[in-house]
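# Results of the structural survey
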Amino acid sequence: MNFIDTKLRGVKIVEPVAYGDNRGWFMETYNEGEFHKNNLYYNFVQDNQSFSAQKGVLRGLHFQNNPFAQAKLVRCTQGAILDVAVDIRKGSDTYLQYVSVELSAENKRQLLIPRGFAHGFVTLTDNVMVQYKVDNLYSKPHDRGIQYCDPSIGVKWDITNPILSVKDTTSPMLKDSDANFTIKVLVTGVKGQLGYDVVKKLTQEGFECRGIDIDDCDITDENAVKEYIVKYNPDVVVHCAAYTAVDRAEENEAACRKVNVEGSENIAKACRLIDAKMVYVSTDYVYGGAGEKPFEVTDKIAPLNVYGKTKFEGEQACRRHLEKLFVVRTSWVFGKNGGNFVKTMLKLAGEKKELSVVSDQIGSPTYTVDLADFLFYIIQTDKYGTYHCSNEGYCSWNEFAKEIFRLAGKDVRVNEVLTKDYKSVAARPLNSRLSKKCLEECGFGKMPTWQDALDRYLKEIGK
């Protein structure tokens, strides 16, 4: 079989190969093994057939709502039809777009339509027979239709007076429909700060998502990653999992590289197999930290430590395999789920009345809730590339600590200490300022200030 991509992800033209002789011909109309070779995993459970006596019969646009959504493999075994699939998944960058393909007994073509798409066809001849497989049983309570002439979609049926059923004449427009489809998102590192808030944001917005961690899938196992991602078949993978122990990475470079480089590359390879988008979350530590000017995404890469080096190598590994890639560099993250600088300062405030905090490392604290909001919006676009995303404004770790104690009402004296006088295993950049010009240029606007983000975070954790 030949599988031909269309402009809609997952919608494919399937061309069986017919073998003929003087008696006629023979062909396979479905072969599970061939589908699997093409990373298509469907469990078809029902075969349907329709007959239309006249040219101009229009059936559609139809679908079943979740949890009884159906994928379809459609073919025309007598006569000819114009078969149509419409993307009605919220969050898709092809939302409301459609493909139309002529299927006929003569050309033997089939159309594979995943869940999340509305389907319909118009007969191009008299006496038309259509057969199709579905991967979920019929459910009357979930059976839905939308108007074939919905102007928000604008299907060109090339017919003026179609022959319609009563159901199809009374179907609503999509804007009035209760269609409940969204793109499907897989989030790695769900037990971490960012992964937790990305899943929370997607869930709040009603998106279909799944968060995983090492217990679900070890990203350093290439075969396990391929199997998991191909079978789940997400539209987007938001890759938050990483080896983030900066000091420990200096002594465990191989382990750090295995996660940040090899693990990320495994995910990128799997995304390429299924034509999925990927978000790779990177770091300000890819830069060398010289000067005081905010780094642009095009500035020289010069990491000072193993962590920064492996995160950039992870970026490059993903770029080698994917065009549908968002690389998002961020800095100084803090969130509810997991340890961070804010929690450390609050803990120390209960133990000490005086602290020394580095005053010559400058960057932007970033609230994972705000970063998750940005990722939620960017995955709904096709604006691929490299971005900086952190909360607005800059401060030193020392200034950050003082603001934490001020907002939390803690009476702690914060002394200044220079990086050269503060012992750490891994070198840290003095300048972690990230220019967010790229966000505004792509129409995403500015992030909230780090002070506003910190205030909201302290309220979230009850401090």
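Before any of the text, the structure's been laid out above.
Structural notes, computed from the coordinates. (Residues numbered from 1 in each chain as written. Predicted model: local features only at pLDDT ≥ 70, side-chain atom pairs only at ≥ 80, totals over all residues. Heavy atoms only, no water.)

Now for the overall build of the protein chain. The helix and strand tally for the protein chain stands at twelve helices and 25 strands. C-alpha extents for the protein chain along the principal axes are approximately 90 × 45 × 35 Å. Counting every position in the protein chain, which comprises 463 residues, the buried fraction comes to 51%. Residue pairs in contact within the protein chain that sit at least 24 positions apart in sequence constitute 81% of those at least 6 positions apart. Here the protein chain has roughly 21200 Å² of accessible surface; of this, 47% comes from carbon and sulfur atoms. Measuring between centres, the 61 positive side-chain charges of the protein chain sit 2 Å from its 62 negative side-chain charges. (Helix = DSSP H or I, 4+ residues; strand = E, 2+ residues; numbered from the N terminus. Buried < 20%, exposed > 50% of the residue type's maximum accessible area, 1.4 Å probe, protein only. Contact = heavy atoms within 4.5 Å. Areas by Shrake-Rupley, 256 points an atom, 1.4 Å probe, with all protein chains shown as cover. Lys, Arg positive; Asp, Glu negative; His and termini not counted. Charge placed at Lys NZ, Arg CZ, Asp CG, Glu CD.)

Moving on, we get to the nonpolar core. Core analysis: the biggest nonpolar cluster contains 27 residues, and Val198, Val238, Phe374, Leu375 and Ile379 have the highest contact counts within it. Counting only elements with at least two residues in this core, the list comes to strand S14 (184–188), helix H3 (193–204), strand S16 (236–239), strand S17 (277–283), strand S18 (325–330), helix H9 (368–378) and helix H11 (437–441). No other element matches H9, which puts six residues into this core. Apart from the residues within four sequence positions on either side, leucine 375 is in contact with Leu194, Val198, Val238, Val279, Val281 and Val328. One finds Phe334, Leu355, Tyr367 and Ala453 within the second-largest nonpolar core, a separate group that totals 24 residues. (Core = buried A, V, L, I, M, F, W, Y, C linked by side-chain atoms within 4.5 Å.)

Okay, the pairing of strand S12 (residues 128–134) next. Across seven bridges, strand S5 (residues 46–52) lies against S12 in antiparallel orientation. By the bridge assignment, serine 50 is partnered in S12 with valine 130. Across six bridges, strand S7 (residues 72–78) lies against S12 in antiparallel orientation. Pairing of lysine 72 across the sheet is with valine 134, part of S12. (Pairing = 2+ DSSP bridges.)

Both strand S1 (residues 2–5) and strand S2 (residues 12–15) contribute to a ladder of four bridges, which runs antiparallel. Looking at the pairing, phenylalanine 3 lines up with valine 14 of S2. Once S1 ends, the chain turns through six residues before running back antiparallel as S2, passing glycine 10 with a positive phi of about 90°.

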